[in-house]
Amino acid sequence: MLDLLWLVPAIPFASAFVLAVFGPRMRSKAVAVLGAGAIAVPAVLMLLIAAAFVSAPPAGGAYTQVLWTWIGVGSFRPAIAFYLDALSLVMVVVVTFVSFLIHVYSTEFMRGDEGYSRFFAYMNLFVASMVTLLLADNLLLLYLGWEGVGLCSYLLIGFWYQDPVNGLAGRKAFIVTRVGDTAMAVGLFLLFHSLGTLRIQDLLHTASDQWQIGSPYAVAAAALLLGGAVGKSAQLPLQTWLPDAMAGPTPTSALIHAATMVTAGVYLIARTHGLYELAPQVQLAVAVTGAATLLMAGCSALTQNDIKRVLAYSTISQIGYMFFALGVGAWGAAIFHFMTHAFFKALLFLAAGVVIEALHHEHNIFRMGGLRKELPAAFWTFLIGGCALAGLPLITAGYYSKDLILWSAANSTAGTAGLWVAGIAGVVLTSLYTFRLIFVVFFGQPATPVSHRPGPAMMIPAFVLAFLSITAGFATTPFAAFMAKALPELHEGGMGMSEVINSTVAGLAFLAGLLVAWYAYLSNPALGRAAATSRVGRVLHRFWFSDWGMDWFYDRLFVWPVVWSAKANKADIVDSIYTGLTRLAALCHRYFSLTETGRLRWYAAWIAGGSAFAVAIAMFL
Amino acid sequence: MLPIRESFILAGILFTLGVIGVLARRNLVFILMSIEVMLNAAGLAFVVAGAQWRQPDGQVVFLFILAMAAAELSVGLALVLELYRQYKTLDTDVLSRMRG
Amino acid sequence: MTIVFYVSSAVAIAATVLMLTRVRAVHALLYLIVSLLAVAVIFYVLGAPFVAALELIIYAGAIMVLFVFVVMLLNLGEETVRAERALLAPSMWIGPSVLAAILLAEFIWMLARGGVPPAQAVSIGPVEVGISLFGPYLIGVELTSMLLLGGLVGAYHLGSRKAPHTEVTHATHP
Amino acid sequence: MNVTGSDFTALLPLIILAVTAIVVMVGAAIRRSHALSASLTLIGLAISIGSLWIAAPLLPRQVTPLLMMDHYAVFYIGLIAASSIITVLLAYGYFEKYEGSHDELYILILVATLGSAVLVASSHFVSLFLGLELLSVSLYAMIAYPRRRPLPLEAGIKYLVLAAVSAAFLLFGMALVYGAFGTMEFGEIAARLARPDFNLWLVLPGTALIITGFGFKLALAPFHLWTPDVYEGAPAPVSAYIATVSKGAMFALLLRYFYQTGSHELEPLHLVFSIIAIASMFGGNILALLQNNVKRILAYSSIAHLGYLLVAFQASGDLAPTAVAFYLVAYFVTTFGAFGVVTVLSDGTRDADLIEDYRGLFWRRPAIAAIFTAMLFSLAGIPVTAGFIGKFYVVAAGASAAMWSLVVILVVTSAIGLFYYLRIVVALYSQSTQTPATTSLARPGVVSLIFLSAALIYLGLFPSPLLALIHRLMPGLI
Amino acid sequence: MMLACLILIPLAAGVLAWAAARWSVTAARWIALLAMLADFTLALSLWISHYHAGFATWYAETDWAWIPQLGIRFHLAVDGLSLLLLMLTFFLGTISVLVSWREITEAAGFFHLNLLWILAGIAGVFLAVNLFLFYFAWELMLVPMYFLIAVWGHENRTYAAVKFFIFTQLSGLLMLVAILALFFLHHHATGVYSFEYQDLLGTAMSPGTEMWIMLGFFVAFAVKLPVVVLHTWLPDAHTEAPTAGSVILAGLLLKTGAYGMLRFVLPLFPHAASVFAPIAMALGVAGILYGALLAFGQTDLKRLVAYTSVSHLGFVLLGIFAWNSLALQGAVMTMICHGISTGALFVLVGALHERIHTREMDHMGGIWSTAPRLSGAALFFALASLGLPGLGDFVGEFLVLLGAYQKSIVLTSLAAIGILFATFYALRLVQRAFQGPNTRDWHIPDLVPREGLVIGLMIAALLWLGLYPRPILDTFQQAAARLEQLAPGK
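Scoring rules and cut-offs
- Residues numbered from 1 in each chain as written.
- Chains lettered and ligands numbered in written order.
- Predicted model: local features only at pLDDT ≥ 70, side-chain atom pairs only at ≥ 80, totals over all residues.
- Heavy atoms only, no water.
- Helix = DSSP H or I, 4+ residues; strand = E, 2+ residues; numbered from the N terminus.
- Rg over C-alpha atoms; globule rule 2.2 N^0.38 Å.
- Buried < 20%, exposed > 50% of the residue type's maximum accessible area, 1.4 Å probe, protein only.
- Contact = heavy atoms within 4.5 Å.
- Areas by Shrake-Rupley, 256 points an atom, 1.4 Å probe, with all protein chains shown as cover.
- Salt bridge = Lys/Arg side-chain N within 4 Å of Asp/Glu carboxyl O.
- Buried area = accessible area lost by both parts, 1.4 Å probe.
- Polar contact = N/O pair within 3.5 Å; in protein donor to acceptor, adjacent residues only side chain to side chain.
- Nonpolar A, V, L, I, M, F, W, Y, C, P; charged D, E, K, R; others polar.
- Expected span 1.5 Å × (residues − 1).
- Bend = angle between axes of the 7 residues up to and from the residue.
- Phe/Tyr/Trp six-rings, centres within 6.5 Å; stacked < 30°, edge-to-face > 60°.
- Lys NZ or Arg CZ within 6 Å of the ring centre and 35° of its normal.
- Domains from an automatic or database assignment.

Before going further, it helps to examine the overall build of chain C. For chain C, the count of helices and strands is 7 helices and 0 strands. Since a compact globule built from 174 residues should have a radius of gyration of about 16 Å, the 21 Å found for chain C marks it as more spread out than a globular shape. The principal-axis extents of the C-alpha atoms in chain C amount to approximately 60 × 45 × 35 Å. When each of the 174 residues of chain C is scored for burial, the buried share is 44%. Across chain C, the fraction of contacts at a sequence separation of at least 24, relative to all contacts at a separation of at least 6, is 62%. Accessible surface for chain C amounts to roughly 8,500 Å². Of this, 73% is attributable to carbon and sulfur atoms.

If you want it as structure tokens, here you go:
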């Protein structure tokens, strides 16, 4: 069974190719079948493979499939090879499965769009790239997938290309993530140069053999990879692209910008955890980045009007949790949160998509309201997703995963009290903005009439995800056990906080957020408005609304200078050297030509003068 | 004793006078006369050099210069006539239609 | 002998200067002839009587007469003289004179440094010249005849009035 | 000193040239016919070339102190006579459209050719001087040949006055050198120069004055000002003749004089030559840059080309004479080709000498345009043309003598030079509204153009036969 | 003999096409196409037949006497490097014939003559192992290229053609001087006149001399490559040339510069080159960044693509002078892939220009909605250009950087930023030209089958090179190893 692994990326790749080339001539039904089917098969296949993997674990807990040597120069011989262990298995299963659901959703959501086949081509290419990323046996192949998903993200954000805003958002996403990728590429060079391989497992072994803990090489390598991870996972300071990425079709947001691609950074760090263990400083930085991001994004989420932007910031914030977990050494917890987040965030987006579609592509939450009754299915699914996101204690998957992270922060040797407090504050914020969203959208008075109701293709995936958003949390223990095969366990230590206290505090934090939201947006909406319009509130609101002014800052620091200098130098300043030379030559020509007066005496004078000159040189030199 | 050096100097003076004539005068006839002066000075120099080495060769060359001056002058004077025929002047500065 | 040399040198130079500065071509020609005569004397002094005679006969006699013919043929009137005089502004002379002075200075410098020794006076007469001319320089003589042929043909063609008068085309010039 | 039969045979090529001149003159006296005169001239030139093979076995032979008939001379006499044939062919078509008698022209060409032949064979100041004058005097009349037109007259007068002035400088210089050495034979001069007791203070200025004379004929800067005016004013075939035969013969003589006497080894003269070469390369190319008259462009480019040759001349190694010889052949072919195009396109009223005349020629007369392009590329030294091998050899000669600064200047200036060749080429291929030409061109001119372009390509692709010939003939020089 | 055929076939076919065009233009096109296919097949068969034997030494030599007086021989030979570039030459040659099928109507016979002669000249450059012959071919390819631009180019063609010609000629002449200097040095040392590459290898010379001669070669190749500061002919020439001309310029002519560096600069002057390497690498990085920045600023589509070449070839320069197997292999990979990807972009821009008669991006927008295949293909090649893994360019650039990292971390990091810059211009190109609203209301036909074939071939080639570049790398491997051996300090 395992040797069919290569089909998992290959089928979506092939279908993407077929859809890109022949899609425009295919009927939309065929496109839908091919598009979704090409994901269904790998999803099923992956489940079978997972079953095989669990029932008969391969030697060493990992299975490697080498297809061919990709590049072969001297000792640099990265292969097109797949590596399946517990980590990648979980990731791939989740990705293919969630993708499948979203594809099914998309078949209805995107129906009638002129780029129907193009959409599926991109989506399938995305799945293929994502799977490649996850299964890659070496960092170069990982990089291929990494860039591939970045590309698909770009393509899908700018999917409705006729609006230049979408194109801009897509470019921004691609470029900002590529900033991180550049760091990552340099990290790859460093790793190959120092360790002589890019095979991840060899790399980790060699690194731990060759490098001391805290060795500058390890620090540099880990930091550079972190750069890549930060970019792709929209963490500080490269998070600015993700909110804009919401310009893409909603299924895209669900799949790429919430459930899967953005967690690639988490995966990368988990995959190369050995490096981070060698570089505790960087690991701390990961934790701090995560903590800072989750707080900042939480604040920003609080101020957004666009339903998708709220969710986008919440994604940033939740990935912040995952980083946070990675940073404190709770590798398994991070992946667990990835999984639950994939379910509930995809769910939220799908439900949001239903809402948006129902309201004529209205994105502003303040023009929604009262949808609880109009769109009950959407409401309930959204509510489940929201609760999972906010961490409704005991029931939801989100609660379990987040609780685990918080507990790890408190009980890890790498954790600190400050981090834990930040994590708890994050829970309050999450709960606050989530319920703000839910209350504003689904409660209160209807503002916009509902025009379109979702069909089964859109709702069934949502139900499935809703189901998973609740039940996935109960798998905490077996999941942790399974993860332990691939990732190191938590180094327990630190504050030694008991589980009960931690869970209680987290639950209280959730409640606090819920109550504030209820009070400010449902029971006493004037208060929320007053807080937002007070002087401090206004400043903060604007500040948070604009993502802490990061875009403003980047525009001035990087974008404008580059654009300005490119525009100013359009004609290429270097060329003026040569035009100058030609001018000089022309000028010389003009002056020299003045000697050709046509006058006999003048010509004779030159002969006489020339000979006087020649004689002078001959005699005196 | 023959004043060889002095004769060379005389040839030089006459030669440079001829140069002045060519450069300063615009009348083609005067220019041709000045050229004759230059050629004559060159011939003088040859004769002087011949005398210095007590050889007849200098004088032979003078003879050839003489012949050459004649041939050149005959063509030159034909051109003088044509110039005058076309332009009604001997001023060589009219001959500057080609330049640049 | 030395005195004769210096006097005739002075005459030659003076006559040449006067020739250069004349307005009327005929006057200039006469001065030129005087200059040539003076040079003939110097040839004699230098022991070249044959050449001295040729200078008189051919240069002063034949070639200058050619000049006179042409000048007479042109029949330049008073107006030309006036125009010529106008051209002879003193400033005209500055440039050429400076240039010529440089050349002359170089010659004199060269001869002064070069230290050409005075030579014994030996007269080389027509016989030696003739032997030389028709000995080693025989081919030169032949070539001279071709030279004169060329001059003749050229002068004939250029001077001939028989050629049909083609329209003087004033080609446009940029 | 007696002239023996063998001497006579050795001189046969020259004698035939002289006799042909007289025959043509006599022929013209009997019957004035353009075709007859031209044919007689062609036959005479052909026989003269043929007689080179008769003369060759006797060589090298010093015929009186004046002439040195050796393989070097034979090579250049052949080249000169062949060039004269081309000139006659071009001139025939050119003057056919032109009123007036044409017989004198052929006599003049023959005399000039004789003069050039004497130049390349001369080993004595007197023959040098007489050859030069034979050439010059004929050229005065050839330039001003269409004397009723203002431009040829202007050019003729300019050339006459300036040539006479420079000849006076040359003579004065020769007198000084003669004064210093007491001999006018090149061989003797070399012998005296080898001894330390000569009068350097006469030799150096004297040689400098001789360089003036040479420089004028070769149109090297700063003695170059006459060139464009004369090229422009003279009839196109005559311009071609001046550009090639007159300069080629003079350069061959320059090489022989300086190499044989060793005067170029004198350090100050080296500097003089370097300055002249640099000034010519820069001046020529810069002056041509934005020029609109094709004949003037060719004139300026010839200044530059002689500058290049001077670089090879100064290299003076084994390669230099080969380089010069090959370059001259290539240059002859090319220049005749270029002027040939101008000639065949000229009508009876004016020469086709403005770039405008060539605009869109490719679309009207593709073959002529292609030939012209080839010639221009050869001048620019682009491969497949003879000019490329020529330039290669010149640069090689410079490099072999490690004259890097001169070589680099050569390279840089020739790149500048590309610009004006390309200006013409651009004009040739630019779109033009004019309809394709229907009138036919003068056949002799076209034939010679075809021959020249064939030679151009052949020499560009297979230079080794010519190089082998040059190698066989040249050892006589040094 | 076989190698001579590679040159002679296009030469002869060129003349034939010219003659044929008098009665049928289509015949001329077919002759050109068949000649290119024949050459491509020949080169391919050479490659396949020697693939298993490896490419350790020269083989399939043609060696005829030419100008014996100076030791000049008509000597052709191939090794792995030249064979790769030859295949690229004939591949792109075929494509340029195809893309000219409709574009060139005026003087089509003469056009094909020029086209084929350029390719013959380029083949000569890649084959020659006699320095004189190399120079001969080097110069020879310029003339028809000049005509291609000057006669069939766009509005400003004269300026561009002349500029191109003068730049390349001047630098070429400097190389000639250097060749001759080397030639005479060799003669002094051995007494033998020879322009043979093998003979001149290892000519003893003082460090100063070596540096000067090396610089002479370097300048010529640097202009072609183009190295920044000497690059300004390129945008003009590429922009004004007809499509086939742009394809050949970007795809092949630039590669001759890189080839020259690999074939001559490094092996002939190892010491000087190693002293010079840091400067050259810095120039490469400067080119990467500066070219990308300029490309970003352009509004003329062709000009934009032209400047990307400056950027990409910066990688090649960086790779060559990083001088280890990785970087060298990367440089060669980049050369080949850039040839295809940029060539394809020019094909597409040309196709677009044919349809809408403008290259100005401000006049475009929304092309996607009317010509999705064309736009999709443009997107594909833009992605190749920005170094998307899985496509050929990525392999090359990654290897270059990987190799360069071992020489200079700082330069490599800067160059990596260059890849980021590539994103700017590539996406801008796609965005401005093909996406956005179709404000001008373009309605244009999509790619016709002929164009589709061309583009399809190029896409396939890039994917192949991106996913399975081993054959290319293996072919060059031994040559790269030899070059690496030469690197001082090894």
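What follows deals with the overall build of chain D. For chain D, the helix and strand inventory stands at 20 helices and 2 strands. Overall, chain D is about 70 × 55 × 40 Å in size when its C-alpha atoms are taken along their principal axes. Going through the 478 residues of chain D one by one, you find that 74% of them count as buried. A separation threshold of at least 6 residues defines the contact pool for chain D, and within that pool the share at least 24 residues apart is 80%. About 11,500 Å² of surface is accessible on chain D, with carbon and sulfur atoms providing 66% of the total.

Glancing now at the pattern of salt bridges. Within the structure shown, the criterion is met by 39 salt bridges over all chains. Between Arg199(A) and Asp202(A) there is a salt bridge; the shortest N-O distance is 3.3 Å. Look at Arg199(A) and you get partly exposed, because its relative accessible area is 27%. For Asp202(A), a relative accessible area of 30% corresponds to the partly exposed category. When the shortest N-O distance is used, the salt bridge between Asp362(E) and Arg432(E) registers 2.2 Å. In this pair, Asp362(E) sits in the loop between α14 (325-356) and α15 (367-370) while Arg432(E) sits in helix α18 (residues 409-434), placing the two residues 70 residues apart along the sequence. Residue Arg432(E) is classed as partly exposed on the basis of its relative accessible area, which comes to 27%.

Attention now moves to the interface of chain E and chain A. Each partner contributes to the interface: chain E provides 60 residues, whereas chain A provides 49 residues. In total, about 4,900 Å² of surface goes out of reach between chain E and chain A, with carbon and sulfur atoms giving 69% of it. It is Phe398(E), Tyr405(E) and Leu427(E) in chain E that bury the most area against chain A; as a group they hold 12% of the surface buried on that side. The interface formed by chain E and chain A contains 1 salt bridge. Across the pair Asp575(A) and Lys163(E) runs a salt bridge, and its minimum N-O distance is 2.8 Å. Between the two partners, chain E and chain A, sit 17 residue pairs in polar contact (both at pLDDT 80 or more). Top element by residues in the side of chain E that touches chain A is α18(E). It accounts for 13 residues. Residue composition of the side of chain E that touches chain A, by class: 36 nonpolar, 18 polar and 6 charged.

This part is about the arrangement of the chains. Most contacts, among the 8 pairs of chains that meet, fall between chains B and C. The smallest C-alpha distance separating chain C from chain E is 23 Å, and no contact links them.

Moving on, we get to the interface of chain B and chain C. Accessible area lost on assembly of the parts is the figure often given for the size of an interface. Facing the 69 residues of chain B at the interface are 83 residues of chain C. Here chain B meets chain C over a buried area of about 6,900 Å², counting both sides, of which 78% is carbon and sulfur. For the interface between chain B and chain C, the tally reads 1 salt bridge. One salt bridge connects Glu84(C) with Arg25(B), and the closest N-O pair in it is separated by 3.0 Å. Across the contact surface, chain B and chain C share 8 residue pairs in polar contact (both at pLDDT 80 or more). Taken together, the elements giving at least two residues each to the side of chain B that touches chain C come down to α1 (4-24), α2 (28-52) and α3 (57-87) of chain B. Of all the elements, α3(B) adds the most residues to the side of chain B that touches chain C, at 23 residues. For the side of chain B that touches chain C, a count of residues per class yields 46 nonpolar, 11 polar and 12 charged.

Right, let's get into helix α25 (residues 550-568) of chain A. Three- or four-residue spacings in an α-helix give side chains the same orientation, since the helix completes a turn every 3.6 residues. Compared with an ideal rise of 1.5 Å per residue, which puts 19 residues at 27 Å, α25(A) spans 25 Å between its outermost C-alpha atoms and is within 8% of the ideal. Most pronounced at Arg556(A), the bend in α25(A) amounts to some 40°. Of the residues making up α25(A), those classed as buried are Met550(A), Tyr554(A), Val562(A) and Ala566(A). Summarising the contacts, the buried residues of α25(A) are in contact with α12 (270-297) and α18 of chain E.

A separate point is the packing of aromatic side chains. Scanning all chains against the criterion turns up 116 aromatic pairs over all chains. Seen in terms of ring centroids, Phe362(D) and Trp363(D) are 5.0 Å apart; in terms of plane orientation they differ by 80°. Their pairing is edge-to-face. Plain terms: the ring middles of Phe377(D) and Tyr146(E) are 6.4 Å apart, the flat faces sit at 85° to each other, and that makes the pair edge-to-face. Placement of Phe377(D) in helix α16 (residues 366-380) and of Tyr146(E) in helix α6 (residues 142-152) is noted, with the two residues assigned to different chains. Between Arg118(A) and the ring centre of Phe159(A), over which it is positioned, the NZ or CZ distance is 4.4 Å. The lysine or arginine in question, Arg25(B), covers the ring of Phe30(B), its NZ or CZ lying 3.7 Å from the ring centre.

Partitioning chain C into structural domains gives domain 1 (2-124) and domain 2 (126-160). Relative to domain 2 of chain C, the C-alpha centre of domain 1 of chain C lies at a distance of 24 Å.

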